[in-house]
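Here are the chains, one letter per residue:
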Amino acid sequence: MSLTVVLTREPPRNDVVRERIVDIARVREVPLTTTTYVTGDAIERAMASAAVGGEFATIVATSARAATFVSAAARYAVADYDLGAVGATTAAALRAEGVARERRILVPEHPSGRDLGLMLDRGPVLILGAAEMREELATTLTERSLVSHHVACYRTSPAQLTRRQRHYLHAGDIVVIAAPSAWRVASREVRADAVVVAIGGTTAHEVESSHTPIVVASPENLAEVVRGVAHDLATSGNGSSD
């Protein structure tokens, strides 16, 4: 088995893809970012401070990580608050948390902050996400005269790679990149002929500025896309030794 696929999200977020490709490729895991969650007390203080002007009419989770904080946020919202998710993966996380049991989730067809912002009608809006979150959602809400408040639930930081991890990245025939920040860590280590599978258009835009070939996947079809690319490379005889 000469084909090497490098999965770069934090464990256990690589598990589904690994299970789908382990029969046709050697799999290496090299997490490119680390997540630090804000403590519960700090989250409560931030939510209470943001809610001083009135209860929230909409709560938005911008990632699956943020979904776990919606139950706490609901205490600062009106009883019939709207619930938004940037994409299907985040919506699934909300359902798993049980917060969406009695209400529908607003999810854009194409995962993006701007598309979600165009769907929301009730403010003020509480946005739960990373400390370094992109501005498209808040900007869109401002353009539509909806007040929003961002509460940071976690922070992602670039990982410090070991020599072995750099070797794994360089040996990868397929490298999965989940965020622009991850590509900034990996870009110098990935071979020019490696296929980068980028999750989402924003990540793809970051990667394609300095690398080809590239294939774009969504969180929902990632396993199928990676398996398809791996199958194509394996049957064509391409691949590197590790």
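Keep in mind that what you see is a predicted model, and the values were worked out from it rather than measured. (Residues numbered from 1 in each chain as written. Predicted model: local features only at pLDDT ≥ 70, side-chain atom pairs only at ≥ 80, totals over all residues. Heavy atoms only, no water.)

A. Representation of the sheet that holds strand β2 (residues 26-29) within the structure. Spatially, five strands are ordered β2-β1-β9-β10-β11 in an open sheet, and the strand pairing comes out parallel. Each of the sheet's edge strands pairs with one partner strand only, and the pair in question is β2 and β11 (214-217). Going from strand to strand, the sheet's axes swing by 20° on average, the running direction of each strand aside. Summarising the sheet, strand β1 (residues 4-7) and β2 pair through four bridges and their orientation is parallel. Residue pairing for β2: T4 is matched across the bridge by R26. (Pairing = 2+ DSSP bridges. Helix = DSSP H or I, 4+ residues; strand = E, 2+ residues; numbered from the N terminus. Axes fitted to C-alpha atoms, helices over the stretch in contact; angles between N-to-C directions.)

B. Spotlight on the nonpolar core. M47, I59, V70, L83, L94 and L128 are the most contacted members of the largest nonpolar core, which totals 30 residues. At the level of secondary structure, the elements contributing two or more residues to this core comprise α2 (40-50), β4 (56-61), α3 (64-67), α4 (70-73), β5 (77-85), α5 (88-97), β7 (125-130) and β8 (148-158). The leading source of residues in this core is β5, at four residues. Those residues in contact with V70, other than ones at most four positions away along the chain, are I59, A61, Y81, L83, L94, V99 and L128. (Core = buried A, V, L, I, M, F, W, Y, C linked by side-chain atoms within 4.5 Å. Buried < 20%, exposed > 50% of the residue type's maximum accessible area, 1.4 Å probe, protein only. Contact = heavy atoms within 4.5 Å.)

C. Representation of the environment of N14 in the model. Mapped onto the secondary structure, N14 falls in the loop between β1 and α1 (15-21). The class for N14 is buried, based on a relative accessible area of 3%. A sequence separation of 162 residues divides N14 from V176, and the C-alpha atoms of the two residues are 9.7 Å apart. Those residues in contact with N14 that sit more than four places away from it in its chain are L7, T8, R9 and E29.

D. Structural detail: the sheet that holds β5. Taken together, six strands build an open sheet; the order of strands is β3-β8-β7-β4-β5-β6 and the sheet is mixed. Of all the strands in the sheet, just β3 (33-37) and β6 (105-106) have a single pairing partner and so form its edges. Taken together, the five bridges between β3 and β8 define a ladder with antiparallel strand orientation. Paired with T34 across the bridge in β8 is S157. Contacting β4, β7 and β8, α2 runs over the sheet at an angle of about 150° to β8.

E. Structural view of the packing of aromatic side chains. Following the criterion strictly, the structure yields two aromatic pairs and no others. An angle of 55° between the planes, with centres 5.9 Å apart, marks the rings of Y37 and Y154 as tilted. Residue Y37 is found in strand β3, and its partner Y154 is found in strand β8; the two are separated by 117 residues along the sequence. Overall, Y37 belongs to the partly exposed group, its relative accessible area being 44%. (Phe/Tyr/Trp six-rings, centres within 6.5 Å; stacked < 30°, edge-to-face > 60°.)

F. Seen up close, the pattern of salt bridges. If you walk through the whole model with that rule in mind, you get 14 salt bridges. One salt bridge in this structure joins D80 and R122, with 3.3 Å as the shortest N-O distance. In this pair, D80 sits in strand β5 while R122 sits in the loop between α6 (113-117) and β7, placing the two residues 42 residues apart along the sequence. Taking relative accessible area as the criterion, R122 reaches 26% and is therefore assigned partly exposed. Among the ionic pairs, R114 bridges to E143, the shortest N-O distance being 3.1 Å. Here R114, found in helix α6, pairs with E143, found in helix α7 (residues 136-143); they are 29 residues apart in sequence, far enough to count as distant. By relative accessible area, which is 51% here, E143 ends up exposed. One continuous salt-bridge network, built from bridges that share partners, spans D15, R18 and E29. (Salt bridge = Lys/Arg side-chain N within 4 Å of Asp/Glu carboxyl O.)

G. Molecular detail of helix α8 (residues 163-171). Turning to α8, its buried residues number three or more, namely Q165, Y168, L169 and A171. Looking straight down α8, one finds its buried side chains confined to an arc of 165°; they lie on one side. At its buried positions, α8 is contacted by β1, β2, β9 (174-177) and α9 (180-186). (Arc of directions from axis to C-beta.)

H. Up close: the side chain of T4. In this fold, T4 is placed in strand β1. Polar side-chain contacts of T4 include one of 2.7 Å to the side chain of R26. (Polar contact = N/O pair within 3.5 Å; in protein donor to acceptor, adjacent residues only side chain to side chain.)

I. Representation of the environment of W183 within the structure. Structurally, W183 is set in helix α9. Residue W183 is classed as buried on the basis of its relative accessible area of 4%. As for W183 and T90, which are separated by 93 residues in sequence, their C-alpha atoms are 22 Å apart. Once residues within four sequence positions are removed from consideration, W183 is found in contact with I177, V190, V196, E206, V207, S210 and H211. For W183, the side chain forms a polar contact with the side chain of S210, separated by 3.1 Å.

In short, geometric facts, not functional conclusions.
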